[in-house]
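# Structure assessment
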Amino acid sequence: MTAVAMPADLASIRPPALACLGLSAFDLTWVVERLVPGGKARAAEHHEGGGGMAANAAVAAARLGARVRFLGRAGDDMAGRAMHRELASQGIDVTGFRLFDGARSSVSGIVVEASGERTIVNFRGENLPEDASWLPLDDVAGMDAVLADPRWPQGAAALFERARAHGVPSVLDGDIAEAAVFDRLLPLTDYAVFSEPGLAGYARASDDLGASLSYARARGCRVAAVTLGERGLAWDAGEGPRHLPAFPVQAVDTTGAGDVFHGALAYALGLRWPAEDAFRFSAAVAACKCLYRGGRSGAPDLATAWAFLHRSKE
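Residues numbered from 1 in each chain as written. Predicted model: local features only at pLDDT ≥ 70, side-chain atom pairs only at ≥ 80, totals over all residues. Heavy atoms only, no water.

Turning our eyes to something else, we now look at the pattern of salt bridges. Side chains bearing opposite charge may pair, as long as their charged atoms lie close to each other. Enumeration over the complete set of coordinates arrives at 14 salt bridges. Of the charged contacts, one joins R231 and E196 as a salt bridge, the two residues approaching to 2.8 Å between their closest N and O atoms. Placement of R231 in the loop between β11 (223-227) and β12 (233-236) and of E196 in helix α5 (residues 196-202) is noted, with a sequence separation of 35 residues between them. Notably, a salt bridge pairs R242 with E276, separated by 2.8 Å at the nearest N-O pair. Separated by 34 residues along the polypeptide, R242 in strand β13 (residues 241-244) and E276 in helix α8 (residues 275-289) bring together distant segments of the chain. (Salt bridge = Lys/Arg side-chain N within 4 Å of Asp/Glu carboxyl O. Helix = DSSP H or I, 4+ residues; strand = E, 2+ residues; numbered from the N terminus.)

Structure representation (structure tokens):
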């Protein structure tokens, strides 16, 4: 993968073609002043709509202008059909998003506090087949980048194996998962970007980020990174840990910020931008999202993200 410099303006950016595979969940969101464990709270707002790590990443990339295909599973139920329609309405190719009879879709309950912090309870679905042989992967050779989360390891492995065979860069959303899942996927992964809890769980709760990132790289990925919220991002590409500060924003809602980051990273890597440029751009896109309520609804378009990124450099 030959890196090319980030362009000086938007006009020269060619929309990349991406495939995003993994979780699509139907989100029920409540906005409250403060969540008290064991107590009650009155919601000032309530929203319903599609969510899920890979699905949110797909929407974020599409908002930036990428040509996106979503690959995933859901039940042929009310939530599954609603998610299918919503992704299609964002201009995403959903021919590889299959709804299965007798299965139940993933559903999440999300409570967002006035501070912008959120609590998520997720039902991952039921009777969703693990078999990935039906996936339409013939177009992967023509993709610019692929992304997967760890919720469907068989599908992610199939996608990443095909991408590796054709030299297509891959991004793994390293949210919390069993160690065996990461052991299977990391040798097939170019960029593994963990959440802080995801990396701590996999690297056996080491307090040393550098050691944790090195542990992940030793399992096979080419670049290991971890998002740290308001503390920014750390990564290791084989030359020791590096750190990128967060963009200072007054967060309204952090829901989906990590998903948006991953979608933006796949976008940037699909354009072959160098790692540091790709990470900085993705952090700017995620920061823009935090200025608005909702997971995917706050994902910015390319002009908005570009303006934010360059204002922050001044």
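For the rest of this paragraph, the subject is unusual backbone geometry. For N127, which is not glycine, the phi torsion reads 60° and is therefore positive. When you line up the elements, N127 lands in the loop between β7 (118-123) and β8 (145-148). Positive phi, close to 65°, is recorded for R272, a residue that is not glycine.

Another aspect to go through is the side chain of D190. If you trace the backbone, D190 turns up in the loop between α4 (179-185) and β10 (191-195). Residue classification places D190 among the buried residues on the basis of a relative accessible area of 2%. A polar contact of 3.4 Å, which involves the side chain of D190, links it to the side chain of R164. Side-chain polar atoms of D190 contact the side chain of R222, separated by 2.8 Å. (Buried < 20%, exposed > 50% of the residue type's maximum accessible area, 1.4 Å probe, protein only. Polar contact = N/O pair within 3.5 Å; in protein donor to acceptor, adjacent residues only side chain to side chain.)

What follows covers a nonpolar patch on the surface. A surface patch of nonpolar side chains, about 250 Å² in accessible area, is lined by V249, L291 and Y292. Residue L291 is classed as partly exposed on the basis of its relative accessible area, which comes to 33%. (Patch = residues over 30% accessible without salt bridge, like charges linked within 9 Å, V, L, I, M, F, W, Y side chains within 5 Å. Areas by Shrake-Rupley, 256 points an atom, 1.4 Å probe, with all protein chains shown as cover.)

Time to look at the packing of helix α7 (residues 257-270) against α8. Pairs of packed helices are described in terms of their axes, by the angle between the two and the distance that separates them. Relative to each other, α7 and α8 sit at 145°, their axes nearing to 8 Å. The handedness of the crossing between α7 and α8 comes out as right-handed. Of the residues in α8, those touching α7 at A257, V260, F261, A264, L265, Y267, A268 and L269 are A278, F279, F281, S282, A283, V285, A286 and K289. When the residues that make up the contact of α7 with α8 are grouped by side-chain class, the tally is 14 nonpolar, one polar and one charged. (Axes fitted to C-alpha atoms, helices over the stretch in contact; angles between N-to-C directions. Left-handed = near helix turned anticlockwise from the far one by under 90°. Contact = heavy atoms within 4.5 Å. Nonpolar A, V, L, I, M, F, W, Y, C, P; charged D, E, K, R; others polar.)

A few words now on the nonpolar core. By size, the foremost hydrophobic cluster in this structure holds 61 residues, and its most contacted members are F70, I92, Y267, W273, F279 and F281. Among residues more than four places away in sequence, those in contact with I92 are A58, V59, A62, V68, R69, F70 and L87. Listed in part, the 38 residues of the second largest apolar core include L21, A158, L185 and F194. (Core = buried A, V, L, I, M, F, W, Y, C linked by side-chain atoms within 4.5 Å.)

The next subject is the layout of surface pockets. Considering only enclosed or pocket space, the largest pocket measures out at about 1,500 Å³ in volume. Looking at the largest pocket, it is lined by 49 residues, and the ones nearest its centre are R118, T227, T254, A257 and G258. Listed by contribution, the elements that provide at least two residues to the lining of the largest pocket are β2 (25-32), α1 (53-64), β6 (106-112), β7, α5, α7 and α8. Ranked by the residues each element gives to the lining of the largest pocket, the list is headed by α7, at five residues. Tallied by class, the residues present in the lining of the largest pocket amount to 22 nonpolar, 17 polar and 10 charged. Taken as a whole, the second largest pocket spans an internal volume of roughly 370 Å³. What lines the second largest pocket is a set of 19 residues, among which R73, R124, R151, W152 and P153 lie closest to the centre. (1 Å grid on protein atoms, 1.4 Å probe; cavity = no way out; pocket = protein on both sides within 12 Å on 5 of 7 lines; lining within 4 Å. Points joined across faces, edges and corners; volume = space filled by probe spheres on them.)

Our focus in this paragraph is the sheet that holds β2. Strand order in the open sheet formed by four strands is β3-β2-β6-β7, with mixed pairing between adjacent strands. Sheet topology places β3 (43-51) and β7 at the edges, where each strand pairs with a single neighbour. Each neighbouring strand pair of the sheet contributes to a mean axis angle of 15°, computed without reference to strand direction. The pairing of β2 with β3 spans eight bridges and is classified as antiparallel. Paired with V31 across the bridge in β3 is E45. Set on the sheet, helix α2 (residues 78-89) makes contact with β2, β3 and β6; between it and β2 the angle comes to about 90°. (Pairing = 2+ DSSP bridges.)

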